[in-house]
Amino acid sequence: MQVTTIPTRPIPGQKPGTSGLRKKVRVFQEPHFLENFVQAIFDCAPELAGGTLVLGGDGRWFNERAIQTILKMAAGNGVGRVVVGRNGLLSTPAASNLIRELKAAGGIILSASHNPGGPEGDFGVKFNIANGGPAPEKVTEAIHARTQGITEYRRAEVPDLDLATLGETRLGELTVEVVDPVEAYARLMQRLFDFDAIRDLFRSGFRMRFDAMSAVTGPYAKRILEDMLGAPEGTVVNATPLPDFGGHHPDPNLVHCAALVALMNGPDAPDLGAASDGDGDRNLIHGPGLFVAPSDSLALLAANAHLAPGYAGGLKGVARSMPTSAAVDRVAAKLGIPCFETPTGWKFFGNLLDAGMATLCGEESAGTGSDHVREKDGLWAVLLWLNVLAKRRQSVPEIVRRHWAEFGRNYYSRHDYEALDAGIAQALVRDLRAKLPALPGRRLGEETVTLADDFAYRDPVDGSFSEHQGIRIGFRSGARVVFRLSGTGTEGATLRVYLERYEPVRIDEDTQAFLAPLVALAEEVAEIKKRTGRTGPDVIT
Ligand code: VG1
Ligand code: CO
């Protein structure tokens, strides 16, 4: 096997964001762009040499080409074994599981998650470490630093590999194994959940629709829901992964899941509507006539997890990202377990899970997961819901309303302003930050400010410190507004405004109407419309 060393030069902008490096497909297709970043990963993770690497992606445009390139580079960099999903497919949680089961040194996951795909869409590369989780900031920072000094990369001159056939192939010293992407993951789900009870639920006439959004979860959901759990054929829709996701945003929210949402609010709604995103780590849960906000879903799952065999022993603790609502905090208080508040992005949960300090984690952005892997997991959340429904034999709306009746309701919404001029968005945040010291004690509308800061986090396990993780303005009433710039977009800047207001008794208010006074305060203090010229958010979730 011949290994070539190819001279290259640093390419600016190879800084991983909230979840890996995301760029337009055409940027990744530019000469050396992918290779530089992948070589930087190999240079910063010497444990890959001689070790096992898990490799796969969500099947979007450029997935297979990138996999062929990474295989040649793995051979050129002395990796011992690469385990790759058939046809290059692996959902993010399934990749995390394989890394753990195989005791691999790490994994490379190719995805831009909920971002659109296709030749004009987005692509992404994420490096996961041996615990199965996204590389922590100190690793992603080292990779970025490496990209700025890179001078060459190594590639074995070998032909493309057949990714459609299961089995092993040798590329010089490297062994490549093509595996069924679903098998190990399905076995893991079987260990965690009461499949018999869920099978009985479907047998009793329970109806469900799972929208795979033409993304990676199709094959997983078909195998598990329809083949193993006996849901009728056709329960899973848009089940074939397409390189352009059928032209849609594979983002499971009220805007991009319009057909499912319409069905769930119609006269013939099934008992459960669910969906997942491009790479299978997010989930949407919708009951007949009632959307379950992700922050509420996290709280509900924490309160009911003991009904599933995998969690029958109880939870060690829970964790949520800072902008996620405090609904789960109330459940933790009742259970007498700790609740951690981390910055946005799954990489901050890894240490808590590894240290056995938390069992369940979640984010307001439709991500929920547990210590079974080190990523959020869309289908896992759906199966936990099914397990709870199978045991409680109550409808989704009934379970949610009982929860609110017991704990009160954290009304919650996120307003996104997308593709803003980056300069304007950064100035908005900078000026807002400058105003913070003067805010405490000030009256805004009906509210009095009690907290105004830029969230910083010290990891309780390794002491690492992360600053500028979102501006929080908290009020005496317990309501709050959070502002942060997205770290996953590829066009201009996206401003996210997170709104939350707790109400102990009135649980039937309309969310947007209930939060309207907070929206007005957010405008008063941040001048979003005035500065951006927008009349309102692009996406409300
Ligand atoms: C968004 C979400 C965040 C999530 C991240 C990755 O990040 O807000 O909660 O962890 O996407 O999710 P940001 O920086 O754009 O707000 V996924 O499913 O896109 O990997
Ligand atoms: Co995702």
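In this text, all values refer to a predicted model and were calculated from it rather than measured experimentally. For every chain, the first residue of the written sequence is number 1, and numbering continues from 1 onward in sequence order. Chain A is the first chain written and ligand 1 is the first ligand written, with later ones labelled in order. With the structure being a predicted model, the display of local features is reserved for residues of pLDDT at least 70 and the display and counting of side-chain atom pairs for 80 or more, all residues being used for whole-chain, interface and lining totals. By convention in this description, side-chain values take in all heavy atoms of the structure and omit both hydrogens and water.

A. Inspection of the nonpolar core at higher detail. Residues belong to one nonpolar core when they are buried, are Ala, Val, Leu, Ile, Met, Phe, Trp, Tyr or Cys, and are joined through side-chain atoms within 4.5 Å. Accessibility here uses a 1.4 Å probe with only protein chains present; expressed as a share of the type maximum, an area under 20% marks a residue as buried, one over 50% as exposed, and anything in between as partly exposed. Phe193 and Leu386 are the most contacted members of the largest nonpolar core, which has 77 residues in total. Segments assigned H or I by DSSP are reported as helices when at least four residues long, segments assigned E as strands when at least two residues long, and all are numbered from the N terminus. For this core, the leading source of residues is helix H13 (residues 378–392), giving eleven residues.

B. Looking closely at the coordination of the cobalt ion (ligand 2). On the protein side, the cobalt ion (ligand 2) has Ser113 (OG), Asp277 (OD), Asp279 (OD) and Asp281 (OD) as donor atoms, found 1.9 to 2.1 Å from it. Donor atoms: N, O and S within 2.8 Å of the metal, or within 3.2 Å for Na, K and Ca. Because water is excluded, sites can look incomplete. Taken in sequence order, the residues that donate to the cobalt ion (ligand 2) follow the motif S-x163-D-x1-D-x1-D. On the basis of relative accessibility, which here comes to 0%, the residue aspartate 277 falls in the buried class.

C. Quick look at the sheet that holds strand S11 (residues 236–237). Taken in spatial order, the five strands line up as S11-S10-S12-S13-S14 in an open sheet, and their pairing is mixed. In this open sheet, the two strands that pair with only one neighbour each are S11 and strand S14 (290–292). As judged from the four bridges shared by strand S10 (residues 208–211) and strand S12 (residues 272–276), these two strands associate in the parallel manner. The residue bridging aspartate 211 from the neighbouring strand is alanine 275, located in S12. Only when DSSP finds a minimum of two bridges between them are two strands counted as paired.

D. Summary view of the site of ligand 1. Lining the immediate environment of ligand 1, one finds 19 residues, of which Thr18, Ser113, His114, Thr488 and Arg496 sit closest. In the analysis that follows, any N or O atom pair within 3.5 Å is treated as a polar contact, provided that within protein one partner can donate a hydrogen and the other can accept it, and provided that, for residues neighboring in sequence, both atoms belong to side chains. Aspartate 277 places a side-chain nitrogen or oxygen 3.0 Å from an oxygen atom of ligand 1. A 1.4 Å probe that fits into a set of points on a 1 Å grid over the protein atoms alone but cannot get out defines a cavity; an open set with protein on both sides within 12 Å along at least five of seven lines defines a pocket, and lining residues are those with an atom within 4 Å of a point. To be counted as sitting in a cavity or pocket, a molecule needs more than half of its atoms within 2 Å of that site's grid points. Judged by the fraction of its atoms near the pocket grid, ligand 1 is located in the largest cavity. Considered class by class, the residues forming the shell around ligand 1 number no nonpolar, ten polar and nine charged. Only heavy atoms are used to decide nearness, and a residue is near a molecule or strand if one of them lies within 4 Å of it. Put simply, Ala, Val, Leu, Ile, Met, Phe, Trp, Tyr, Cys and Pro go in the nonpolar bin, Asp, Glu, Lys and Arg in the charged bin, and everything else, Gly too, in the polar bin.

E. Broad picture of the side chain of histidine 372. One can find histidine 372 in the loop between strand S18 (367–370) and H13. A polar contact of 2.7 Å, which involves the side chain of histidine 372, links it to the side chain of serine 370. In this structure the side chain of histidine 372 is engaged in a polar contact, spanning 2.9 Å, whose partner is the side chain of aspartate 377. Excluding anything up to four places from it in sequence, histidine 372 contacts Arg100, Leu188, Met189, Leu192, Tyr311, Asp377 and Trp380. In what follows, residue pairs with any heavy atoms lying within 4.5 Å of each other are defined as contacts.

F. Structural detail: the packing of helix H4 (residues 92–101) against helix H6 (residues 183–192). In contact at an axis separation of 9 Å, H4 and H6 are set at 85° when each is read in the N-to-C sense. As the angle between them shows, H4 and H6 are arranged roughly perpendicular. Across the interface between the two elements, Pro93, Ala94, Asn97, Leu98 and Glu101 from H4 touch Ala184, Tyr185, Arg187, Leu188 and Arg191 from H6. Tallied by class, the residues present in the contact of H4 with H6 amount to six nonpolar, one polar and three charged. Helix axes are fitted only over the stretch in contact, all axes being lines through C-alpha atoms; the angle between N-to-C directions runs from 0 to 180 degrees. Each angle receives one of four descriptions, namely roughly parallel if under 35 degrees, roughly antiparallel if over 145, roughly perpendicular if within 65 to 115, and oblique otherwise.

G. Examining the layout of surface pockets more closely. For the largest pocket, the calculated volume is near 1100 Å³. Taken together, 39 residues form the lining of the largest pocket, with Gly17, Thr18, Leu485, Ser486 and Gly487 sitting closest to its centre. Element by element, the count of residues in the lining of the largest pocket is highest for helix H15 (residues 422–435), at four residues. Grouping the constituent residues of the lining of the largest pocket by class yields ten nonpolar, 18 polar and eleven charged. Considering only enclosed or pocket space, the second largest pocket measures out at about 630 Å³ in volume. Grid points are joined across faces, edges and corners, and a volume is the space filled by probe spheres set on the points.

H. Focus on the pattern of salt bridges. Definition used for salt bridges: Asp or Glu carboxyl oxygen within 4 Å of a side-chain nitrogen of Lys or Arg. One pass over the full model with this rule turns up 42 salt bridges. The partner of aspartate 160 in a salt bridge is arginine 65, and the shortest N-O contact between them spans 3.2 Å. You can see aspartate 160 sitting in the loop between strand S7 (152–156) and strand S8 (167–171) and its partner arginine 65 sitting in helix H3 (residues 63–76), a full 95 residues away along the chain. Judged by relative accessible area, aspartate 160 falls into the partly exposed class, the value being 41%. Take arginine 65: its relative accessible area is 42%, and that puts it in the partly exposed class.

I. Fine view of the UniProt feature "domain: Alpha-D-phosphohexomutase alpha/beta/alpha" (unreviewed entry) in the protein. UniProt positions are given in the numbering used here, feature names are shortened, and annotations may be inferred rather than shown by experiment. In the numbering used here, UniProt assigns the feature "domain: Alpha-D-phosphohexomutase alpha/beta/alpha" (unreviewed entry) to residues 14–153, 185–285 and 295–407. In this annotation, residues 14–153 is assigned 36% helix and 24% strand; the end-to-end C-alpha distance for the span is 15 Å. With 45% helix and 14% strand, the stretch residues 295–407 has end C-alpha atoms that lie 13 Å from each other.

J. Structural context of the sheet that holds strand S5 (residues 106–110). Here seven strands make up an open sheet; going across it, the order is S2-S6-S5-S3-S4-S9-S8 and the pairing mixed. Every other strand in the sheet has two partners, leaving strand S2 (21–24) and S8 as the edge strands with one partner each. Ignoring which end each strand starts from, the neighbouring axes of this sheet average 20° apart. Of the strand pairs in this sheet, S2 and strand S6 (residues 122–129) are connected by four bridges, and their pairing is antiparallel. Following the sheet pairing, lysine 23 is matched in S6 by phenylalanine 123. Against the sheet, H4 makes contact with strand S3 (52–57), strand S4 (81–89), S5, S6 and strand S9 (174–179), and its axis sits at roughly 165° relative to S5, the strand it touches most.

K. Up close: the packing of aromatic side chains. For Phe, Tyr and Trp, where Trp contributes only its six-membered ring, two rings pair if their centres lie within 6.5 Å, and the inter-plane angle classes them as stacked under 30 degrees, edge-to-face over 60, or tilted in between. Tallied over the full model, the rule gives nine aromatic pairs. When the ring of tryptophan 346 is compared with that of phenylalanine 349, the centres are 4.5 Å apart and the planes differ by 75°; the resulting orientation is edge-to-face. Considered together, tryptophan 346 and phenylalanine 349 belong to a single accessibility category, that of buried residues. Between the aromatic rings of phenylalanine 348 and tyrosine 457, the centroid separation amounts to 6.2 Å while the plane-to-plane angle is 85°, which identifies the pairing as edge-to-face. With phenylalanine 348 in the loop between strand S16 (339–342) and helix H12 (350–354) and tyrosine 457 in strand S22 (residues 457–458), this residue pair connects regions lying 109 residues apart in the sequence. Note on phenylalanine 348: relative accessible area 8%, which makes it buried. On the basis of relative accessibility, which here comes to 6%, the residue tyrosine 457 falls in the buried class. Aromatic ring contacts, followed pair by pair, group Phe28, Phe33, Phe62 and Phe123 into a single cluster. Here arginine 330 stacks its cationic end above the ring of tyrosine 502, 3.4 Å away from the centre of that ring. By definition, being over a ring means that NZ of Lys or CZ of Arg is both within 6 Å of the ring centre and within 35 degrees of the ring normal.

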